[in-house]
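Observations on the model geometry
Each chain, letter by letter, is given below.
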Amino acid sequence: MSADQPFRRETGGQIDRRRPLSFTFDGRRYTGYAGDTLASALLANGVRLLGRSFKYHRPRGVLTAGVNEPNALVTLRAGARTTPNLRATNVELYDGLTAQSQNRWPSLAFDLRAVNRLFAPMFVAGFYYKTFMWPARFWEKLYEPLIRRSAGLGTSTQKPDPDRYERAHAHAEVVIAGGGPAGLMAALAAGRAGARVILCDEGHQLGGQLLAESMTLDGAPAGRWVERTLRELAGLDNVRLMPRTTLFGAYDHNTFGAIEQVAEAAPAPAQVQPRERFWYIESERLVIAAGAHERPIAFAGNDLPGVMLASAARSYVHRFAVQPGSRAVVFGNNADIHATADALAEAGVEIAAVVDGRREPGANPGTHRVRHGRIRQVKGGRAVRGVELDNGERFACDLVCVAGGWTPAVHLSSQLGPKPVWDERIQSFVPGESRQGEVAAGAAAGRFATREALADGAEAGRKAAAEAGFTGASLPQIPAVTEPAQSAPEPLWAVPGHDKTAFIDPQHDVTVADVKLAAREGYSNVEHMKRYTTLGMATDQGKVANVVGLGVLAEQRGTTIAALGTTVFRPPYTPVSIGPLAGYNRQRQFQPVRRTPLHDWQAGKGAQFVEAGAWKRARYFPKHGEDMAAAASREVTTVRSRVGLVDVSTLGRIDIQGPDAAEFLNRVYINGWKRLPVGKARYGVMLREDGIVLDDGTTSRLGEQHYLMTSTTGQAAKVLTHLEYCLQVLWPELDVNIQSVTDQWAGIAIAGPNARELLQRLFPDDDLSSDGFPFMAAGTFDLAGIPARLFRISFSGELGYELNVPADYGAAAAQRLLDLGGDLGVDLYGLEALDIMRIEKGHVTGNELDGRVTAQDLGMGRMLSGKKDYIGRRLSQRQAFLDPERPQLVGLKPTAPMRKATAGAHLMPQGGPDTPENDLGWVSSATWSPTLESYIALGFVRGGSARKGEVLRAADFVRNRDVPVEVVDSVFVDPEGARQRA
Amino acid sequence: MRIPCPICGARSYEEYTYQGDATVVRPNPETTDPAPWHAYVYLRDDPKGPHRELWHHTAGCRAWIVVERDTVTHAVHSSTLARSEGGRQA
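Numbering of residues begins from 1 in every chain and follows the order in which that chain's sequence is written. Each chain takes a letter, starting from A, and each ligand takes a number, starting from 1, following the order in which they are written. Only residues with pLDDT of 70 or above have their local features reported here, since the model is predicted, and side-chain atom pairs are shown and tallied only from 80 upward, although totals for entire chains, interfaces and linings are computed over all residues.

Re the nonpolar core
To keep things clear, this is the line we draw: The term nonpolar core means buried Ala, Val, Leu, Ile, Met, Phe, Trp, Tyr and Cys residues held together as one set by C-beta atoms within 7 Å. Backbone-placed C-beta atoms define the burial measure: a residue is buried with 20 or more other C-beta atoms within 10 Å of its own, exposed with 12 or fewer, and partly exposed in between. Numbering of helices and strands starts at the N terminus; helices are DSSP runs of H or I of at least 4 residues and strands are runs of E of at least 2. Contact between residues is assigned whenever the C-beta positions, reconstructed from backbone atoms, fall within 7 Å.
In terms of nonpolar packing, the biggest core is built from 174 residues, with Val174, Ala186, Val287, Ala298, Val400 and Ala441 of chain A touching the most fellow members. Looking at this core element by element, the count peaks at 8 residues for helix 4 (residues 181–192) of chain A. Residues in contact with Ala441 of chain A, not counting those within four places in the same chain, are Ala182, Ala186, Val287, Ile288, Ala289, Ala453, Asp456, Gly457 and Ala460 of chain A. Formed by 119 residues, the second largest nonpolar core is a distinct cluster that contains Ile654 and Ile738 of chain A together with Cys5 and Ile65 of chain B.

Structure representation (structure tokens):
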């Protein structure tokens, strides 16, 4: 033994002594080897105190050698890469690793908050519910902050995560969870049969218990068989081995979620590497070869550093060549105690006592003297110093190994729905009846012997492949196994004694006393007991505690665990960090960005953009340091007095063709479409079947059987889906095809008194006069060889057109318009000016069409055709919608023009109190109108235009504003529409 | 879940939009009694077991399909194109 790693054996183990790795724990520097976990490296260095417990801040060490670890939780790395609550038993050691202990202050060895132990009577089961009931206001201000500070886990960083995460899809016929003897055999059987196989294992080395136990396969150390098998599997193109990958969730139809630790074993990922990768796997069959977890026995002081599961001790000896202590007491309720004592002795650990806790002790195949009895108490302060048996015998020791029996990892089976089934022989639950062809093999099925696992795995792999259509391959040969004898455990959950320090769930500090108290207080249903005591609700999700807790509860109630049943396991199997679930979808990649064909061109003109759904839309074009309000006002004036251009490419465009196209439009719009001639556009309103307005827009007839529908930007996707529903589900007999063409066209609206002159210059050979191309005309024109569509429609209320050109020509067309119209005063305007002008004209958008509004509410009741059926017709006529007292669209003008009525304000009568009964409606849109030189607004008010002339209050209780407004017509500018028809 | 699309094959449920009961039929347009319209728009059974449902392959071929699915086990028994079923208008 070297001074460097005093508890490291000189030979053996699956570690590479030629590759020493340097790391720090709480600032102290240590050395381990490649192949180590953080826990094994710390144990090799004699570090046993690794953390403090959740509630009582009791000192804690390493209990396990795997993902079930409840105690040895650490924080890895620092700064923005800080990762808290990682299980040291599952952290692969790497050079430069830095780890800190958690939940201690000021230091791990001297933790002032351990005074919590003095208040232990207060922290009993259900303490949240009992202690902090009253007075309620104390909860938020006093209790919760106190508890949060003193109880808990590690602290995550507040800094943005600098690393990348990926999301990937994989397909296979057979997915295997676990790379131990059963999993490897299943992979061989299914792989040789030709099925595509994915084998996931959470560890960095495949082999499972074959690496951890002393045994031979075909007369050679098990590691040789693992190497040979991995070599064969690596040679099969259809088999994908995925170490460091946890299959955390099993879902319907054999789909799975897995997390691959791509670069966890490094201070930082390489430049091209993600830190973790989320795998979505679709397959035909699942083989559950996830193994089993050993469980402890509850006795006083069983949480002290130095108390370890027997299998963990064997694993540290065999796999990591580490002595987990100097002098050991081995205690258990099954034959594993003998193999454990032999393994420890072989590693040079002195055996103080082997204690067989069974009422009917088994034969002693080992070389050590066996005592019959039970550990009543572990002695020690920050580490084990000795044990006292129930017969009064005492033994000095620094290691206590506990063998309480094995609990199959039924999680993936339980996630799929089947209830786990109690197996009296092994005193544990095994997976319930298969639901979607999943098959459990080996220890996961409660068959713990290695030869059983190998045989099970081969058969499971064969069956899974065969059921996916891959038959014919012969079963791989099952090697002959020599391993220590095992036995079924005798039920022994807790040793009577000091219940308040006999821990069942060490991570949540749940003791035998807590479970007994819960039972006494009536929380004896397993689901109630779990939530009342929080047993099994920590990050290990009861892997250590579940069955022991049920055993104590059953004894307390005088019943059996089989009768109690168990709680349901849900994904994830082990904690999953958020990063890989989000994958690429964060920050600027949170969702795809849609840019219009004019985006870059507008950016070159100084556009300021705003997000509108997924779209980036040009909001305004500031000049000479203008702010948004100044720029938008100037742009409005440009349109109202000269001519402006605005990008309307974001409007939804749906191409509609077929002999029944007119009939189709007739059925989806409230107004009539049968008599719309070719070359004309018409405004239409669509309802949902419940009579509420879905969307509005213009549709133009381009040919006998050819229409182009426009929808609002925000509702484009919903309208397309709705039309597809109508055509495919309701009326497939209609001979109509529809297709979204939004992205194929660039749209430019040209508006203002000079708009016609400008367009006439663009199309010098065509007649755009008021007679040649009148209001609501639509047509296709030749633009230097490009087919351009022109519609004489207006959203601003000015003489207006919408020009559509194929998307790639959008910027050229817009630039040409600017070049042609310099002397006409042409300029660009943005969404902000567009919005001001539509409010001035009383046009509705999403602010008004909020899913509560009918056509009647908008003053469009006359558009509702009485001569035909359409979606929403009948329910638009329901009694409540005909009530004249429904809020209806009106214009609102502050009595003082400079006072702004804000959108969202409630409309209240003057003088009345601000009560819900007095609430007459709301303000939906508000703006400064440069045309009227006043603030104006649109809103909905009970009785609608009947209140014209009344003065109400626009009361904004959020912004504390109260503005008198006069109810006016909703069209503020040019109510006769003379300008747009000019 | 994997939903079999008659056009695209078995695809992840994430590509679909769920619409619900496929057995409802739009009343005859001449029906003026509001009760059947109310039932058509608002009333849905919530069967435990086999159910016929409408799914829209929104992120795929955009077909509306009728899926026969067990609401307890999530087993999918069949899927057909809605447009092959002759419409849902009385």
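Back to the write-up after that little detour.
A word on the environment of Gln323 of chain A
All names here are of chain A. As for its position among the elements, Gln323 is in the loop between helix 7 (310–318) and strand 20 (327–332). A C-alpha to C-alpha distance of 74 Å links Gln323 and Gly830, two positions 507 residues apart in sequence. Gln323 has contacts with Phe7, Arg9, Ala347, Gly348 and Val349, leaving out every residue within four places of it along the chain.

Some words on the packing of helix 7 of chain A against helix 8 (residues 336–346) of chain A
Residues and elements named next belong to chain A. The criterion, for reference: An axis is simply a line fitted to the C-alpha atoms; with a helix, the fit covers only the stretch in contact. Between two such axes, the angle follows the N-to-C directions and lies from 0 to 180 degrees. Angles are sorted into four bins: roughly parallel if under 35 degrees, roughly antiparallel if over 145, roughly perpendicular if 65 to 115, and oblique for all others. Helix crossings fall into two classes, left-handed where the near helix is turned counterclockwise from the far one by less than a right angle and right-handed where it is turned clockwise.
Remark: helix 7 packs on helix 8, axes separated minimally by 9 Å, with the N-to-C direction vectors making an angle of 30°. Relative to helix 8, the element helix 7 is oriented roughly parallel. Handedness of the crossing formed by helix 7 with helix 8: left-handed. Seen from helix 7, the contacting residues are Ala310, Ala313, Arg314, Val317 and His318; seen from helix 8, they are Asp336, Ile337, Ala339, Thr340, Ala343 and Leu344.

Topic: the interface of chain B and chain A
Put simply, the test is: Just so you know the grouping, Ala, Val, Leu, Ile, Met, Phe, Trp, Tyr, Cys and Pro go in nonpolar, Asp, Glu, Lys and Arg go in charged, and all remaining residues, Gly too, go in polar.
Tallying the contact residues gives 21 residues for chain B and 19 residues for chain A. Listed by contribution, the elements that provide at least two residues to the side of chain B that touches chain A are helix 1 (34–42) and strand 4 (50–56) of chain B. Counting residues per element, the side of chain B that touches chain A draws most heavily on helix 1 of chain B, at 3 residues. Of the residues in the side of chain B that touches chain A, the class split is 9 nonpolar, 7 polar and 5 charged.

Here we look at unusual backbone geometry
Residues and elements named next belong to chain A. Between Pro571 and the following residue, Pro572, the backbone shows a cis peptide bond with an omega angle of 0°. Relative to the elements of secondary structure, Pro572 occurs in the loop between helix 14 (561–564) and helix 15 (578–582). In this structure, Gln427 is a non-glycine residue whose phi angle is positive, near 55°. Along the chain, Gln427 falls in the loop between strand 28 (421–423) and strand 29 (428–430). The phi angle at Thr534 is positive, at roughly 65°, despite the residue not being glycine. Following the sequence through the fold, Thr534 ends up in the loop between helix 12 (526–533) and helix 13 (546–557).

Description of helix 4 of chain A
Given 3.6 residues per turn, any residue in an α-helix points the same way as the ones three and four places further on. Residue and element names in this part refer to chain A. Which entries qualify depends on this criterion: Residue count minus one, scaled by 1.5 Å, sets the expected span of a helix.
End to end, helix 4 covers 17 Å across 12 residues, agreeing with the expected 16 Å (1.5 Å per residue, within 8%). Among the 12 residues of helix 4, 12 are classified as buried, and the element is accordingly described as predominantly covered. Once helix 4 ends, the next one or two residues include Gly194, with phi positive near 100°.

A look at the sheet that holds strand 5 (residues 73–76) of chain A
Residues and elements named next belong to chain A. Filter applied, for reference: Pairing between strands is defined by DSSP: at least two bridges between them are needed.
Taken together, 5 strands build an open sheet; the order of strands is 2-1-7-5-6 and the sheet is mixed. Unpaired on one side and paired on the other, strand 2 (28–34) and strand 6 (83–87) mark the two borders of the sheet. Pairwise comparison of adjacent strand axes, ignoring direction, gives a mean angle of 40° for this sheet. Here 3 bridges tie strand 5 to strand 7 (residues 97–101), and the two strands are oriented antiparallel to one another. Residue pairing for strand 7: Thr75 is matched across the bridge by Gln100.

Re the domain arrangement of chain A
All names here are of chain A. Condition: Where each domain begins and ends is defined by an automated method or by a domain database.
For chain A, the domain assignment lists domain 1 (1–159), domain 2 (165–292 + 408–482), domain 3 (499–558) and domain 4 (883–982). Contact with domain 1, which involves 15 residues of that partner, is made by 15 residues of domain 3. Among the residues making up the side of domain 1 that touches domain 3, the classes are represented as 7 nonpolar, 5 polar and 3 charged.

Some words on the sheet that holds strand 41 (residues 706–711) of chain A
All names here are of chain A. With respect to topology, 5 strands assemble into an open sheet ordered 39-40-41-38-42, the strand pairing being antiparallel. The open sheet is flanked by strand 39 (681–687) and strand 42 (737–740), the only strands paired with a single partner. Sheet twist, expressed as the average angle between the axes of neighbouring strands with direction ignored, equals 25°. Strands strand 38 (652–657), strand 40 (693–703), strand 41 and strand 42 of the sheet are contacted by helix 19 (residues 716–730), whose axis makes an angle of about 20° with strand 38.

Quick notes on the pairing of strand 26 (residues 399–403) of chain A
Residue and element names in this part refer to chain A. Burial of strand 26 is extensive: 5 of the 5 residues sit out of reach of the surface. What you see with strand 26 is no split at all: Leu399, Cys401 and Ala403 on one side and Val400 and Val402 on the other are buried throughout. Sheet topology note: the strand 19 (residues 307–309)/strand 26 ladder contains 3 bridges and is parallel. Residue pairing for strand 26: Leu309 is matched across the bridge by Val402. Bridge analysis of strand 20 against strand 26 gives 5 bridges, and the strand direction is parallel. Bridge pairing links Phe331 to Val402 in strand 26.

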